[in-house]
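Here are the chains, one letter per residue:
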Amino acid sequence: SQQGEEDPQALSIQEGENATMNCSYKTSINNLQWYRQNSGRGLVHLILIRSNEREKHSGRLRVTLDTSKKSSSLLITASRAADTASYFCATDSSWAQKLVFGQGTRLTINP
Amino acid sequence: NAGVMQNPRHLVRRRGQEARLRCSPMKGHSHVYWYRQLPEEGLKFMVYLQKENIIDESGMPKERFSAEFPKEGPSILRIQQVVRGDSAAYFCASSPPGAGETQYFGPGTRLLVL
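Residues numbered from 1 in each chain as written. Chains lettered and ligands numbered in written order. Predicted model: local features only at pLDDT ≥ 70, side-chain atom pairs only at ≥ 80, totals over all residues. Heavy atoms only, no water.

**Considerations on the interface of chain B and chain A**
Argument step 1. Each side of the interface is counted separately: chain B has 24 residues, and chain A has 22 residues.
Argument step 2. Of all residues in chain B, Leu43(B), Gly100(B) and Phe105(B) bury the most surface against chain A, accounting for 26% of the area lost on that side.
Argument step 3. Joining chain B to chain A, the criterion identifies 0 salt bridges.
Argument step 4. Between chain B and chain A we count 10 residue pairs in polar contact (both at pLDDT 80 or more) in total.
Argument step 5. Elements that contribute at least two residues to the side of chain B that touches chain A include exactly strand 4 (31–37) and strand 5 (43–50) of chain B.
Argument step 6. Its residues assigned to classes, the side of chain B that touches chain A comprises 9 nonpolar, 9 polar and 6 charged. (Contact = heavy atoms within 4.5 Å. Buried area = accessible area lost by both parts, 1.4 Å probe. Salt bridge = Lys/Arg side-chain N within 4 Å of Asp/Glu carboxyl O. Polar contact = N/O pair within 3.5 Å; in protein donor to acceptor, adjacent residues only side chain to side chain. Helix = DSSP H or I, 4+ residues; strand = E, 2+ residues; numbered from the N terminus. Nonpolar A, V, L, I, M, F, W, Y, C, P; charged D, E, K, R; others polar.)

What follows is the structure, encoded as structure tokens:
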């Protein structure tokens, strides 16, 4: 069964607006990571948040983690056209280092 | 420091042929992971290897697929007797030793089976 599931599946906003994507998962995790994938390209690591952390920032990115609700959110502030991509959350556990990915959110930033 | 290298970037095979995908991890990384991505889907874990050892192959199909990470040289994902359903993007990731480390992905190999 799917471990990570992103919501929404697709998001279209105007340049300059903030974009929020959510991720839910089912089992206990060790870490949760967010990746970006441009169309037809590889994955770029954005941020890792550990299970004992609640919030993390990196530039225009803000990630929160709520282990009681088994959910995470990725906020991109002041979006740019170059942020257009698919965004995936991925989780690992203390007993398995493999990453379990969600289906992704396709983000489109309109100029 | 070069990132994770994968080759070829694109591979076309006819049904029944063999496909060999190569992955060179980042310098200093001893853990390699292979993932498969079907169109419009997320990545699915296939196998996790360390040098000369398969640690977790729970995502590998039981037949036709094999992986290795020899003492010297790149990691190889081998698909024998390819079928159309094998068409996908195959990504390799590497990480340094230790649990919970960030996995860094290569650009992927896009396999098309005709």
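**A closer look at the packing of aromatic side chains**
Argument step 1. Taken as a whole, this structure holds 8 aromatic pairs over all chains when the rule is applied.
Argument step 2. Aromatic side chains Tyr35(B) and Phe45(B) sit 5.9 Å apart centroid to centroid with 70° between the ring planes, which places their arrangement in the edge-to-face category. Of this pair, Tyr35(B) sits in strand 4 while Phe45(B) sits in strand 5; the two residues are 10 residues apart in sequence, bridging distant segments of the chain. One exposure class covers both Tyr35(B) and Phe45(B), and it is buried.
Argument step 3. Where Tyr35(B) meets Phe105(B), the ring centres are 5.4 Å apart and the plane angle is 45°; that geometry is what we call tilted. One end of the pair, Tyr35(B), is in strand 4; the other, Phe105(B), is in strand 10 (residues 104–105), and 70 residues separate them in sequence. Take Tyr35(B) and Phe105(B): they sit in the same class, and that class is buried.
Argument step 4. The structure contains a cluster of three or more aromatic residues connected by ring pairs, namely Tyr35(A), Phe88(A), Phe101(A), Tyr35(B), Phe45(B) and Phe105(B). (Phe/Tyr/Trp six-rings, centres within 6.5 Å; stacked < 30°, edge-to-face > 60°. Buried < 20%, exposed > 50% of the residue type's maximum accessible area, 1.4 Å probe, protein only.)

**So, the environment of Tyr87(A)**
Argument step 1. On the secondary structure map, Tyr87(A) appears in strand 9 (residues 85–92).
Argument step 2. Through-space distance from the C-alpha of Tyr87(A) to that of Thr27(A) is 21 Å; in sequence the pair is 60 residues apart.

**Details of the state of the cysteines**
All names here are of chain B.
Argument step 1. Applying the stated rule across the entire model yields 2 disulfides over all chains.
Argument step 2. In this model Cys23 forms its disulfide with Cys92; the gap between the sulfur atoms is 1.8 Å. Judged by the sign of its S-S torsion, about -50°, the cystine formed by Cys23 and Cys92 is left-handed. Of this pair, Cys23 sits in strand 3 (residues 19–24) while Cys92 sits in strand 9 (residues 88–95), and the two are 69 residues apart along the sequence. (Disulfide = S-S within 2.5 Å.)

**Examining the pairing of strand 11 (residues 105–110) of chain A**
Residues and elements named next belong to chain A.
Argument step 1. Side chains Thr105, Leu107 and Ile109 of strand 11 all project onto a buried face; the interleaved residues Arg106, Thr108 and Asn110 project onto a face where none is buried.
Argument step 2. Judged from the 5 bridges that link them, strand 2 (residues 10–14) and strand 11 form a sheet pairing that is parallel. Looking across to strand 11, one finds that Gln14 is bridged to Asn110.
Argument step 3. In this sheet, strand 11 lies alongside strand 9 in antiparallel orientation, the contact comprising 3 bridges. (Pairing = 2+ DSSP bridges.)

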